[in-house]
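# Reading the structure
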Amino acid sequence: MRFDILTIFPGFFDSVLDYGILKRAQVTGQVQVARHDLRDFTHDRHRTVDDRPFGGGEGMVLKAEPIFDAFESLGLSAKEQRDTSRETVIMLSAQGRPFSQSMAHELAGMDRVVILCGRYEGIDERVNEMLCDREVSIGDYVLSGGELAAAILVDAVVRLLPGALGNPDSARFESFGAEDVAEESMTTDGVPRATHGSGGLLEYPHYTRPAEFRGVPIPEALMSGNHEVIKRWRRRMSLEKTLRNRPDLLEKATLTDDDERTLRKLRAGIRGAMEQEM
Ligand code: ADE
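Below or above, wherever it landed, is the structure these notes cover. Every chain begins its residue count from 1, and numbering advances along the sequence as written. Owing to the predicted nature of the model, reporting of local features is limited to residues with pLDDT of at least 70; listing and counting of side-chain atom pairs is limited to 80 or more, with chain, interface and lining totals taken over all residues. Excluding hydrogens and water, the side-chain figures rest on all heavy atoms present in the structure.

### Notes on the sheet that holds strand 1 (residues 2-7)
To be explicit about the condition: Any two strands are treated as partners once DSSP identifies two or more bridges connecting them. Each helix corresponds to a stretch of at least 4 residues labelled H or I by DSSP, and each strand to a stretch of at least 2 residues labelled E; elements are numbered beginning at the N terminus. Convention adopted: a line fitted to C-alpha atoms gives each axis, helices being fitted over their contacting stretch, and angles between N-to-C directions are expressed from 0 to 180 degrees.
What the 5 strands build is an open sheet, ordered 2-1-6-5-8; its pairing is parallel. One side of each edge strand has no neighbouring strand; the edge strands of this open sheet are strand 2 (32-37) and strand 8 (134-137). Strand-to-strand, the axes of this sheet are offset by a mean angle of 30°, without reference to chain direction. Across 5 bridges, the pairing between strand 1 and strand 6 (residues 112-117) is parallel. In the strand pairing of strand 6, F3 is matched with V113.

And the structure:
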């Protein structure tokens, strides 16, 4: 798989790509991440990539010309001729569609992902209209540019490539795992099969040695050695964390009758605790 990142700060990615899974995937040749400096596609002495916005207003706008020239130098096919199931061009901006784990899975199936990092107030919209397949945002906040967002996107995709993680199930059963996993991780009697099958829930908490740290022991269930007890404890913790941190996810999650019962108790517990505080 190949990424092409178009940016005015190509050096930004050097350290990000030099660690852990991202580094290993490049060393093994699974992934190539080419960085292209948009200033290399300017034709004036000052290597100008930006200009004032038509109609007035704050800040500067990235010009279309260097970006079009960079695309041509990369041999990218025109938008209409692109096989967008194998190759996609992404513009990163705060106005984009939200990035998600399912988008990461979709991108991990491609041969080539081209990422255009915005800066300043934005990019001349003709770039979006004529070159980009999608506009993507990593969250509801405004960054000073698309570079950090690009690093996040590349990381989330590369770790999904076959063999990138030591244990492929780590990616399949984690929080926000692929949507099809929810079904797979249930047994026919509707009990979550995998001990860590999250089915659209947030993952349960983890502990490692020592069993007691600064007077705080690990939860008893994890010491039981009983897989059924551990499985049920983890499911309950997943439900509890999701209810507390991301209740919106519960609406789409695959839940068993047991889960619904647990949630009713947890909600009552939360109400009880709130009433006590008042
Ligand atoms: N550029 C500025 N803010 C951004 C965001 N939230 N996501 C992607 N690119 C951005």
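That was the structure; now back to the text.
### Considering the sheet that holds strand 4 (residues 61-62)
Read from one edge of the open sheet, 3 strands run 3-4-7, paired in mixed fashion. Edge positions in the open sheet fall to strand 3 (50-51) and strand 7 (122-123), since each of these has one partner strand only. Bridging between strand 4 and strand 7 involves 2 bridges; their strand directions are parallel. Following the sheet pairing, L62 is matched in strand 7 by I123.

### A look at the pattern of salt bridges
Between side chains of opposite charge, pairing is possible as soon as their charged atoms come close. Cut-off, in case you're wondering: Salt bridge, as used here, is a side-chain nitrogen of Lys or Arg placed within 4 Å of a carboxyl oxygen of Asp or Glu. Burial status follows relative accessibility: with a 1.4 Å probe on protein chains alone, a residue under 20% of its type maximum counts as buried, one over 50% as exposed, and anything between as partly exposed.
Taken as a whole and assessed by the stated rule, the structure comprises 18 salt bridges. In this structure, D248 engages R246 in a salt bridge whose closest nitrogen and oxygen atoms are separated by 2.9 Å. Relative accessible area serves as the criterion here: at 40%, D248 is assigned to the partly exposed category. Look at R246 and you get partly exposed, because its relative accessible area is 30%. Residues participating in the shared-partner salt-bridge network are E228, K231, R232, D258 and R261.

### Brief notes about the site of the ligand
The cut-off we apply is this: The rule for a residue being near a molecule or strand is that one of its heavy atoms must lie within 4 Å of it. Any pair of nitrogen or oxygen atoms within 3.5 Å is treated as a polar contact; in protein, a donor-acceptor pairing is required on top of that, and neighbouring residues in sequence qualify only through side-chain atoms on both sides. Method for areas: the Shrake-Rupley scheme with a 1.4 Å probe, in which residue coverage is limited to the protein chains shown. When residues are grouped by polarity, Ala, Val, Leu, Ile, Met, Phe, Trp, Tyr, Cys and Pro land in nonpolar, Asp, Glu, Lys and Arg in charged, and all others, Gly among them, in polar.
For the ligand, the full set of nearby residues is L92, S93, A94, V136, S137, I138, G139, Y141, V142, L143, G145 and A149. Contacts to the ligand include S137, whose side-chain N or O atom sits 3.5 Å from a nitrogen atom. Between the ligand and the protein, one listed contact pairs a nitrogen atom with a backbone N or O atom of Y141 at 2.9 Å. Protein coverage of the free-state accessible area of the ligand, which is 260 Å², stands at 94%. A per-element tally of the shell around the ligand places strand 5 (residues 87-98) first, with 3 residues. Taken together, the residues that form the shell around the ligand break down as 8 nonpolar, 4 polar and no charged.

### Digging into the packing of helix 4 (residues 101-108) against helix 6 (residues 147-158)
Note the cut-off: Convention used here: angles under 35 degrees read as roughly parallel, angles over 145 as roughly antiparallel, angles from 65 to 115 as roughly perpendicular, and any remaining angle as oblique. If you view the pair so one helix is near and one far, a crossing is left-handed when the near helix is turned anticlockwise from the far one by less than a right angle, and right-handed when it is turned clockwise. Contacts between residues were defined by any pair of non-hydrogen atoms, one from each residue, lying within 4.5 Å.
Here helix 4 crosses helix 6 at 70°, and the two axes come no closer than 8 Å. Between helix 4 and helix 6, the angle is such that the two are roughly perpendicular. Of the two elements, helix 4 crosses helix 6, and the hand of that crossing is right-handed. Side by side, helix 4 and helix 6 meet where A104, L107 and A108 of the first sit next to L153, A156 and V157 of the second. Per-class residue counts for the contact of helix 4 with helix 6 are 6 nonpolar, no polar and no charged.

### Let's talk about the nonpolar core
The cut-off we apply is this: Remark: nonpolar core denotes a set of buried residues (Ala, Val, Leu, Ile, Met, Phe, Trp, Tyr, Cys) joined through side-chain atoms within 4.5 Å.
In terms of nonpolar packing, the biggest core is built from 34 residues, with F3, F99, L107, I115 and L153 touching the most fellow members. In contact with L153, other than residues within four places in its own chain, are F3, I90, L92, F99, L107 and I115. Grouped together as the second largest cluster of nonpolar side chains are 21 residues, I8, F68, M91 and I123 included.

### Looking at the packing of helix 9 (residues 227-245) against helix 10 (residues 257-277)
In the contact formed by helix 9 and helix 10, the axes pass within 10 Å of each other and the chain directions differ by 50°. In terms of axis orientation, helix 9 runs oblique to helix 10. In this structure, helix 9 crosses over helix 10, and the sense of that crossing is right-handed. Residues R232, R235, R236, L239, E240 and L243 of helix 9 pack against D258, D259, T262, L263, L266, R267 and I270 of helix 10. The class makeup of the residues in the contact of helix 9 with helix 10 is 5 nonpolar, 1 polar and 7 charged.

### Looking at the pairing of strand 1
Burial within strand 1 is extensive, with 5 of its 6 residues counted as buried. In this structure, strand 1 lies alongside strand 2, joined through 6 bridges in parallel fashion. Residue R2 lies in a different strand from strand 2, and its bridge partner there is Q32.

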